[in-house]
Amino acid sequence: MKVASLFSGIGGIDLGFKQAGFDIVWANERDTAACRTYRLNFSNNHLVENDIRNISANVLPDFDVIAAGFPCQSFSTAGFKKGFRDPRGNLFFEIIRIVKVKQPRIILLENVENIIEHDNQKTFLTIFNSLSECGYDVKYRTLQPFDYAGIPQRRKRVFIVAFRDIDDFDAFSFPKEMEEKQAIDRIIDFSQKQHTSYYYENNHPSYPELEQKAKIGQIYSLKNDGSVYCSGTLCPTLIAGMGKFPDRIPVVKDNYGIRRLTIRECLRFQGFPENFNISRDNSIEDAYKQIGNSVCVPIVNRIAIEIAKVLERKVL
């Protein structure tokens, strides 16, 4: 079972498919820092570091599934929501360009929850109609890590699965909610001291409120005005902005002080295994950005398992 991956980032979607038994035959990412991390964790002979707009669809190998978490900033409530008027939003049509040439059996797309309602639902209708015009039937669902991976992070994302064959469409089902949930102490070790760079100093403007409110076992975030919001025992959505703005990184109190989540803890909240590493050639800013731009790996893995069941039903 062969997968081609677009906007691959550090390989979260690719890893979910690989864990389900798929072979990643081609991947594309233009961000050099993300490519360094990708190559560290995958064979790099299938990764093409280039802008997808510069790549002809005819050079891609054959594959069964195309997977893409296409750029979401244009549709996110955290951004300016320019949608297809933003050059990043228009990258969706690069997927369609490749689909028209390669005609994969199945398409998997991932994006922010707001893409469904964006621009009075016109954006999602454009996506749906573009896939339909290519001859695909579409299913979609909003999933989040806590319900569908048992990971305590608030991160609602829309997963779109499109099928060239109606029998495949009928055979596919999204995974069901999980009963078993992880507690945050499976991800955060409150008894272990981290590097001093993660800890807030008492001269930080938000430190007095953090010191007053923060309790071990809870997760906090800072609002734009610097005030403290308690997220309870569910981690707030990890975002790419963590790389540029350190105060966007969720906050916890441990036995040694008040600190930001570490790189490893953020990877765990995205469901990456312990042997997955960020390239040491990247800055800490790159690392947080890459994790925030990625996906919840176990959710992709569960969807990939369901796709595998469809592909193994019959050979077209």
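Please refer to the structure higher up on the page.
Fair warning: this is a prediction, and the values are worked out from it, not measured in the lab.

1. Quick look at the packing of aromatic side chains
Here comes step 1: The full count for this structure, using the stated rule, is nine aromatic pairs.
Here comes step 2: Ring centres of Phe70 and Phe92 lie 5.5 Å apart, and the angle between their planes is 50°; this geometry places the pair in the tilted category. Within this pair, whereas Phe70 is found in the loop between β4 (65-68) and α3 (92-102), its partner Phe92 is found in helix α3, the two being separated by 22 residues in sequence. Across the pair, exposure class does not vary: Phe70 and Phe92 are buried alike.
Here comes step 3: When the centroid spacing of 4.5 Å and the interplanar angle of 45° are considered together, the rings of Phe272 and Phe276 count as tilted. Accessibility assignment for this pair places Phe272 and Phe276 in one class, buried.
Here comes step 4: Among the aromatic residues, ring-to-ring pairing joins Phe163, Phe169, Phe172 and Phe174 into one connected group.
Here comes step 5: Above the face of the Phe169 ring, Lys139 is positioned so that its terminal group lies 4.7 Å from the ring centre.
Here comes step 6: Here the guanidinium or amino end of Lys181 rests over the ring plane of Phe146, the centre of that ring lying 4.9 Å away.

2. Topic: the sheet that holds strand β2 (residues 23-29)
Here comes step 1: Taken together, seven strands build an open sheet; the order of strands is β3-β2-β1-β4-β5-β7-β6 and the sheet is mixed. Since the sheet does not close on itself, it has two edges, and those belong to β3 (47-49) and β6 (137-143), each with one partner. The sheet shows a mean angle of 15° between the axes of neighbouring strands, taken without regard to direction.
Here comes step 2: Across four bridges, the pairing between strand β1 (residues 2-6) and β4 is parallel. If you follow Ala4 over to β4, its bridge partner there is Ile66.

3. A few points about unusual backbone geometry
Here comes step 1: Positive phi values are uncommon outside glycine, yet Phe7 reaches one of about 50°.
Here comes step 2: Topologically, Phe7 is positioned in the loop between β1 and α1 (12-19).
Here comes step 3: With a phi close to 55°, Asn120 is a non-glycine residue in the positive phi region.
Here comes step 4: Relative to the elements of secondary structure, Asn120 occurs in the loop between β5 (106-112) and α4 (122-133).

4. Quick word on the nonpolar core
Here comes step 1: Phe17, Phe22, Val161, Leu261, Phe269, Ile303 and Ile307 are the most contacted members of the largest nonpolar core, which has 61 residues in total.
Here comes step 2: Broken down by element, the residue count for this core peaks at nine residues, all from helix α10 (residues 297-313).
Here comes step 3: Sequence-distant contacts of Ile307, that is, excluding residues within four places in its chain, are made with Phe17, Phe22, Val65, Ile106, Val161 and Phe172.
Here comes step 4: Formed by 31 residues, the second largest nonpolar core is a distinct cluster that contains Ala57, Leu60, Phe63 and Val158.

5. Regarding the pattern of salt bridges
Here comes step 1: Applying the stated criterion across every chain, the model contains 14 salt bridges.
Here comes step 2: As a salt-bridge pair, Lys181 and Asp147 come within 3.8 Å of each other at their nearest N and O atoms. One end of the pair, Lys181, is in the loop between α6 (166-171) and α7 (207-213); the other, Asp147, is in helix α5 (residues 145-148), with 34 residues separating them in the sequence.
Here comes step 3: For Lys181, a relative accessible area of 32% corresponds to the partly exposed category.
Here comes step 4: Arg259 is paired through a salt bridge with Asp254; the nearest N and O atoms lie 2.7 Å apart.
Here comes step 5: Look at the salt bridges and you will find they share partners, linking Arg30, Asp51 and Arg53 into a network.

6. Some thoughts on empty space enclosed by the protein
Here comes step 1: In this structure the tally under the stated criterion is one cavity of 30 Å³ or more.
Here comes step 2: Within this model, the largest cavity holds a volume of roughly 40 Å³.
Here comes step 3: Every residue along the wall of the largest cavity is listed here: Glu110, Leu143, Pro145, Arg155, Arg157, Phe159, Val295, Cys296 and Ile299.

7. Things to note about the layout of surface pockets
Here comes step 1: Estimates place the volume of the second largest pocket at around 300 Å³.
Here comes step 2: In terms of lining, the second largest pocket is formed by Tyr198, Ile263, Arg264, Leu267, Asn277, Ile278, Ser279, Arg280, Asn282, Ser283, Ile284 and Ala287.
Here comes step 3: Where the lining of the second largest pocket is concerned, the elements lending two or more residues are α8 (263-269) and α9 (284-293).
Here comes step 4: If one sorts the elements of the lining of the second largest pocket by residue count, α8 sits on top with three residues.

8. Some details on the pairing of β4
Here comes step 1: The alternating pattern of β4 places Val65 and Ala67 on one face and Ile66 and Ala68 on the opposite face, and all of these are buried.
Here comes step 2: Relative to β5, β4 runs parallel, the two sharing four bridges. Following the sheet pairing, Val65 is matched in β5 by Ile106.

9. A few points about the environment of Asp51
Here comes step 1: Among the structural elements, Asp51 can be located in the loop between β3 and β4.
Here comes step 2: On the basis of relative accessible area, Asp51 is assigned to the buried category, the value being 15%.
Here comes step 3: Taking the C-alpha atoms as reference points, Asp51 and Tyr200, separated by 149 residues in sequence, lie 38 Å from one another.
Here comes step 4: One polar contact links Asp51 to Arg53, side chain to side chain, over a distance of 2.8 Å.

The rules behind each value
What you see as residue numbers is a count from 1 along each chain, following the sequence as written. In keeping with the predicted nature of the model, local features appear solely for residues at pLDDT of at least 70, side-chain atom pairs appear and are counted solely at 80 or more, and the whole-chain, interface and lining totals rest on all residues. For side-chain calculations, the full set of non-hydrogen atoms in the structure is used, while hydrogens and water are omitted. For this analysis, a ring pair means two rings from Phe, Tyr or Trp (six-membered ring only for Trp) whose centres lie within 6.5 Å, classed as stacked if their planes differ by under 30 degrees, edge-to-face if by over 60, and tilted for the remaining angles. Strands here are runs of E lasting at least two residues and helices are runs of H or I lasting at least four, both read from the DSSP assignment and numbered beginning at the N terminus. Using a 1.4 Å probe on the protein chains alone, a residue whose accessible area is under 20% of its type maximum counts as buried, one over 50% counts as exposed, and one in between counts as partly exposed. Criterion for a charge above a ring: Arg CZ or Lys NZ at most 6 Å from the ring centre, at most 35 degrees from the ring normal. Should DSSP find at least two bridges between two strands, the strands are taken to pair. Fitting a line to C-alpha atoms yields each axis, with helices limited to the stretch in contact; the angle taken between N-to-C directions then spans 0 to 180 degrees. Residues belong to one nonpolar core when they are buried, are Ala, Val, Leu, Ile, Met, Phe, Trp, Tyr or Cys, and are joined through side-chain atoms within 4.5 Å. Residues count as neighbours in contact if any of their non-hydrogen atoms are within 4.5 Å of one another. Salt bridges are identified by distance alone: a Lys or Arg side-chain nitrogen within 4 Å of an Asp or Glu carboxyl oxygen. Two kinds of site are reported from a 1 Å grid over the protein atoms alone, namely cavities, where a 1.4 Å probe fits but cannot get out, and pockets, open sets with protein on both sides within 12 Å along at least five of seven lines, and residues are called lining when an atom falls within 4 Å of a point. Grid points are joined across faces, edges and corners, and a volume is the space filled by probe spheres set on the points. Polar contacts, as counted here, are pairs of nitrogen or oxygen atoms within 3.5 Å of one another; within protein the pair requires one atom able to donate a hydrogen and one able to accept it, and residues that are adjacent in sequence qualify only if both atoms are side-chain atoms.

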